[in-house]
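One letter stands for each residue in the lines below.
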Amino acid sequence: MSIERTLPERIRKRLSGEPVFSVQADLMLNGHFGEMWLAVTEREITLWGAEDEPSYRLDARELTEARAVNGIGGGTLLADTKNGPVVLSRYTAALSAAFGFAAKWLTAMAKGEEPPLVSKKEFPRYCPSCGNPLSEGTQTCPICKSSGKVLRRMLRYAKPYKGKMAIAGLLLVLTTVVELIPPYLTKIMIDDVLQPKNAGSALLWVVLGLGATSFIMSVMQTARGLIGVWVGSKLMGDLRNDIYHALMRLSLAFFDRRQTSQFVGRVNSDSEAMRQFMTDGVIWVSAESLRIVAIFAIMFGLDWKLTLFALLPMPFMITVSMTLWPKIGRRWYQQWRSIFRLNVLVGDSLQGIRVVKAFGREKTEISRYAEANRELVRHNIRIEGLWQGIFPLFSFIAGVGTLLIWYNGGSSVIRGELQLGVLMALISYLGMLFAPLQWVSQMINWASHAIAAADRVFEIMDTPSDVPDARDPVPIGTIRGEVEFEHVTYGYEKHHPVLKDINLRVKAGEMIGLVGHSGAGKSTFINLICRFYDTDEGRIRIDGVDLRGIGQTDLRKQIGVVLQETFLFDGTIAENIAYSKPDATPEEIMRAARIANAHDFIVRLPDGYDTRVGERGHRLSGGEKQRVSIARAIIHDPRILILDEATASVDTETERQIQEAISRLVKGRTTFAIAHRLSTLRNADRLVVIEKGKIAEVGTHEELLARDDGAYRKLVDAQKELSRIKGVEG
Amino acid sequence: MQDGGAGQMQDAYEIRIIEPGQAYFSRGPGGVFQGVVDGKSYPEIVVYRVFPFRYASQYISIRDGKGEEIGIIRDIGEMDEESAKELERELGFRYFLPSVTRVDSVKQKSDLWLWELQTTLGPTKLAMRNLHEHMQFPGGGRIILTDVSGRRCEIPDWRKLDSHSRMQLTDVV
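The numbering scheme is per chain: residues are counted from 1 as the chain's sequence reads. Chain A is the first chain written and ligand 1 is the first ligand written, with later ones labelled in order. It should be noted that, the model being predicted, local features are given only for residues of pLDDT at least 70 and side-chain atom pairs only at 80 or more, the latter also being counted only at that level, while totals for whole chains, interfaces and linings use all residues.

### Examining the overall build of chain A
1) Next: By the criteria applied, helices consist of DSSP H or I runs no shorter than four residues and strands consist of E runs no shorter than two, each listed in order from the N terminus. Counting its regular elements, chain A contains 23 helices and 19 strands.
2) Next: Buried residues are those with 20 or more other C-beta atoms within 10 Å of their own C-beta, exposed residues have 12 or fewer, and partly exposed residues lie in between; C-beta atoms are placed from the backbone. For chain A, with 730 residues in total, the buried portion stands at 32%.
3) Next: Once C-beta atoms are placed from the backbone, any two residues with those atoms within 7 Å are in contact. Sequence-distant contacts in chain A: of pairs separated by 6 or more residues, those separated by 24 or more amount to 69%.

### Thoughts on the overall build of chain B
1) Next: Counting secondary structure elements, chain B contains three helices and 13 strands.
2) Next: A buried classification covers 27% of the 173 residues belonging to chain B.
3) Next: Pairs at least 24 apart in sequence give 32% of the contacts found in chain B among residues at least 6 apart.

### Focus on the interface of chain B and chain A
1) Next: Between chain B and chain A, the contact holds 32 residues from the first and 37 residues from the second.
2) Next: Listed by contribution, the elements that provide at least two residues to the side of chain B that touches chain A are α2 (81-94) and β10 (122-128) of chain B.
3) Next: Per-element tally for the side of chain B that touches chain A: the top contributor is β10 of chain B, with four residues.

### Observations regarding the confidence of the model for chain B
Residues and elements named next belong to chain B.
1) Next: Considering every residue of chain B, the mean pLDDT works out to 83; 91% of them sit at 70 or more.
2) Next: How sure the predictor is of each residue is captured by pLDDT, a score from 0 to 100. Note on residues 1-10: pLDDT under 50 across the span, and two contacts to partners over four residues away in sequence or across chains.
3) Next: We note a pTM of 0.62 for the whole complex and an ipTM of 0.81 for its interfaces.

### What to know about the environment of V613 of chain A
1) Next: Looking at the secondary structure, you find V613 of chain A in strand β15 (residues 612-613).
2) Next: Considered as a pair, V613 of chain A and A574 of chain A are 39 residues apart in the sequence and their alpha carbons are 9.9 Å apart.

### Looking at helix α18 (residues 586-595) of chain A
All names here are of chain A.
1) Next: I589, A592, A593 and I595 are the residues of α18 that are buried. Buried residues of α18, viewed axially, fall in a sector of 160°; they line one side. Seen from the open side of α18, the exposed residues pointing more than 90 degrees away from its buried face are P586 and E587.
2) Next: If you follow the buried residues of α18, they end up packed against α17 (573-577), α19 (599-604), α20 (622-636) and α21 (652-666). Arc definition: directions from the helix axis to the C-beta atoms.

### Here's the deal with the pairing of strand β11 (residues 537-542) of chain A
Residues and elements named next belong to chain A.
1) Next: Direction of pairing for strand β8 (residues 483-490) relative to β11: antiparallel, over a ladder of five bridges. For T489, the partnering residue across the bridge sits in β11 and is E537.
2) Next: Strands are labelled as partners when DSSP assigns at least two bridges between them. Bridge analysis of β11 against strand β12 (residues 545-546) gives two bridges, and the strand direction is antiparallel. Bridge assignment links I542 to a residue of β12, and that residue is V545.

### Overview of the packing of helix α6 (residues 181-194) of chain A against helix α7 (residues 202-249) of chain A
Residues and elements named next belong to chain A.
1) Next: Here, axes are lines fitted to C-alpha atoms. For helices the fit covers the stretch in contact, and angles between N-to-C directions go from 0 to 180 degrees. Where α6 contacts α7, the axes come no closer than 10 Å and their chain directions differ by 170°. Between α6 and α7, the angle is such that the two are roughly antiparallel. Residues I181, P182, L185, I188, M189, D192 and V193 of α6 form the contact with α7, whose participating residues are A202, L203, V206, G209, L210 and T213. Roughly parallel covers angles under 35 degrees, roughly antiparallel covers those over 145, roughly perpendicular covers 65 to 115, and oblique covers all other angles.

The following block contains the structure:
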């Protein structure tokens, strides 16, 4: 096993025998940071700190069981011995999985069982060169990879438009060249026309030249601008598509851990920031750097000594830019974070607006918003202020160069060593030079904003899916609908299983009712069949094929779901019913609605099947929504059907209608149904009672009821009691 | 709970407060937290902060090895010194949340934020994928830092840190 090899030699030498297992803890027994080793040999368990003697020894025969007790942010490995429990190690949360495994291993050893096999998942992975943690599913260390990678990756989006961008670039070069002509013409005008008082046609020609250059310049600028807008909008469209695509690909587990409202901002504003940099930014950078080079070339040609004065402030400006660069990036991120918090806040309270109104908490919400808003204002001032501060500073510093040229050039002109026209040309070129230099700070701004945005966007794109599709998925075609659970264990957090060692075989066409207290693991059970999550241990098979080997699109085609919270998309009722089969004919839609007992109420609506539902549309009642979603499942025609509390929170008559619809729906399909009202499960072929993540009982309603002390019997009795109380109240 | 009856039913939903003097805690020979509550001894006791952020040393849920609640301690300060000390220590183990005494540096390298910190439990390093999901601001100047592997540290009040630390923090809080 790989983990033993890392046991330091100094400890290995002092062990009483060959180590069979070892693990490193990152805390000492007193809870302070530090390294400790737990080394196990056939005979004893030893604990090593920095000293050459073990700080604790336990005879292996004393051990009866080992447990990893996880606290918050860390945990403790406990050994149960014949003399009571003993603390073996303490560790931070980074090592929870490793110590969970250690506990299993030690328990197996104590009971004389086969020790479990090590899986890579149990141990945190670190970059071999810098020692920082690696994220799951990646091999490249984010720190060791080159820092220009984000930039390069971002620019890759510009690739499909390289033709257009090349034209823009060419126009840019031309504009730059043309732009440099006017000052030179001015020089000619002063030195060759005005000063010699040469009244010939030369003046007219020079003025015409000036006019022509400015006309050509504006034409080219317009062309370039149009290309920029076109490429920019296309680029932004591509980016948004990619981000959304990445979001849709991610597993449910990713969204479970995050507030969804944040993604709205990401898709839109982050892509805008990246677009701005790539089009305006890149074009500006190339234009301005080109201009700087050209201007210097001309200035050196005119008078190289004076030009050197113009260069004096440059090192200073570059140094300032380099030092401010990271600071600006951080402040942009800081400002983004406060916008993010504000968005989450608004998203939350608007989603829960009914609760806010019902409890009359509008004032609290307003003040919560005001607080977050104040933060945003503060950060806005910080970043904008910094930026506003740099701009005048840069102009001033650059201005110093001009003053030097004025003084030195002026005295040369007085001494007659320099022509006035040359000085005037130098001064105007210098003026043109400062514009791009000021853009340097604007560029810093754009680039750091864009890189921060790109970081966040690529983070989403790079997050590996928790439920990856198999490389060569097994084509399953239309399945029979046999489902088999084999030693399935799963927890939303790996070391905290919600389902433990589930074994169940379901025949094709069978209806299974899942029963149990809330939190027992019923919904998790169903989520695993849909493969919203992958099992941690064991496997689920459909028609004998491992779920992981089936393509997800294929799988979902065979599974239909009617969930507790019925979600209808923004669109018409017909579109919602035909969600999984967009090419369904009107007859098919009506038939499905008819089976779902929804046809009548839909027809009675003023807009019939074209009634808009969802966020802004017509409001359907809970029972109506239920029936629309049943119709949606019917048209999907799945082989495996999942019903999660389909009849909760509706009145008796509606329930009867839904029941009826469901009983038509389940015919001939493998069905898993969850219901709190046990009476709704009386059609089930078998009931599975789940208790604390384990299957407690399996059997028909009658069989389970016959068990006097059975878990199902208790649930039924409790429910009878409840309905008796309700009856009295009613 | 053998006597049953209506009174008992009600008790089951009542929060049971353990009065000072009813409970004594100590550490067993194996280093495990144990105690005697109401004359009954428990070889293993697990403690939970009920309001971990608002009341760190008040409202402590005392549970047996299986996680069943024995009762709630209203305030550690009301207990005898020995028990209070041991209880504090156990809370420190279970809620592993070292307090930051100095921020040596906060650096962003590529897409990881690296923190070098001095804490009450010794020096440590944290790595975060981003700041907006790994920094929490529960109120006041308090900051909870969580790293990619789930490790946490707490800055009780960042405004009270030394000037070097505050410098490091200016652009991240």
